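Overview (structure and organization)
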Amino acid sequence: RPEAIVSLVQKLLHHDAVGDGAVQLHLHPLDAALVAAQLGGTLNDRGWRLVNDAELQRGGCRLVSPLGELDATLAVRWERACAATGLEPPWQLS
């Protein structure tokens, strides 16, 4: 569901620890196009800049702000979800 990235970015826009201005949102180029089409005006109003990053998998992103960096890549989100249930991610060796 490629459109799920828009929902993720909307949540990031309202995250207290992110703030406004000088924020770089790194997305896969195809996701960046979706986000720009749906949220471009809002991102511009907040001073956020979209950065095409072909190294990222679709559906994930990295956010860099003066307050720090937030890793919302798929791998990290999956790892956190597994940890919340007490499970080790399948790619980690015991």
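Above this note sits the structure.
Let me sum up the structure you'll find in this document. Quick caveat: nothing in here was measured; it's all calculated off a predicted structure. (Residues numbered from 1 in each chain as written. Predicted model: local features only at pLDDT ≥ 70, side-chain atom pairs only at ≥ 80, totals over all residues. Heavy atoms only, no water.)

The end-to-end C-alpha distance of helix α2 (residues 29-46) is 21 Å, clearly below the 26 Å that 18 residues give at a rise of 1.5 Å each. Of all the bends in α2, the greatest measures close to 80° and is centred on L39. Taken together, the buried positions of α2 are occupied by D31, A32, V35, L39, G40 and L43. Along its buried surface, α2 packs onto α1 (4-13), β1 (23-27) and β2 (48-52). (Helix = DSSP H or I, 4+ residues; strand = E, 2+ residues; numbered from the N terminus. Expected span 1.5 Å × (residues − 1). Bend = angle between axes of the 7 residues up to and from the residue. Buried < 20%, exposed > 50% of the residue type's maximum accessible area, 1.4 Å probe, protein only. Contact = heavy atoms within 4.5 Å.)

In this structure, L25 and W48 are the most contacted members of the largest nonpolar core, which totals 17 residues. Mapped by element, the contributors of at least two residues to this core are α1, β1, α2 and β3 (61-65). Broken down by element, this core gets its largest block of residues, six residues, from α1. (Core = buried A, V, L, I, M, F, W, Y, C linked by side-chain atoms within 4.5 Å.)

Below, the discussion takes up the pairing of β1. Along β1, four of the five residues are buried, which leaves the element largely enclosed by surrounding structure. With five bridges joining them, β1 and β2 adopt parallel strand pairing. When the bridges of β2 are listed, Q24 appears paired with R49. Crossover handedness for the path β1 to α2 to β2: right-handed. By the bridge criterion, four bridges tie β1 to β3 in an arrangement that is antiparallel. Paired with L25 across the strands is L63, a residue of β3. (Pairing = 2+ DSSP bridges. Right-handed = clockwise from strand over helix to strand, strands pointing away.)

What follows deals with the sheet that holds β1. Sheet strands pair by backbone hydrogen bonding; their relative direction is either parallel or antiparallel. Spatially, the four strands line up as an open sheet ordered β2-β1-β3-β4, and their pairing is mixed. Bordering the open sheet on either side are β2 and β4 (68-72), each of which pairs with just one other strand. Mean inter-strand twist for the sheet, computed between neighbouring axes without regard to direction, equals 15°. Strands β1 and β2 of the sheet are contacted by α2, whose axis makes an angle of about 165° with β2. (Axes fitted to C-alpha atoms, helices over the stretch in contact; angles between N-to-C directions.)

Burial along β3 is one-sided: the residues C61, L63 and S65 are buried and none of R62 and V64 is. Pairing of β3 with β4, which is carried by five bridges, proceeds in the antiparallel orientation. Considered in β4, the bridge of S65 is made with G68. Between the antiparallel neighbours β3 and β4 lie two residues.

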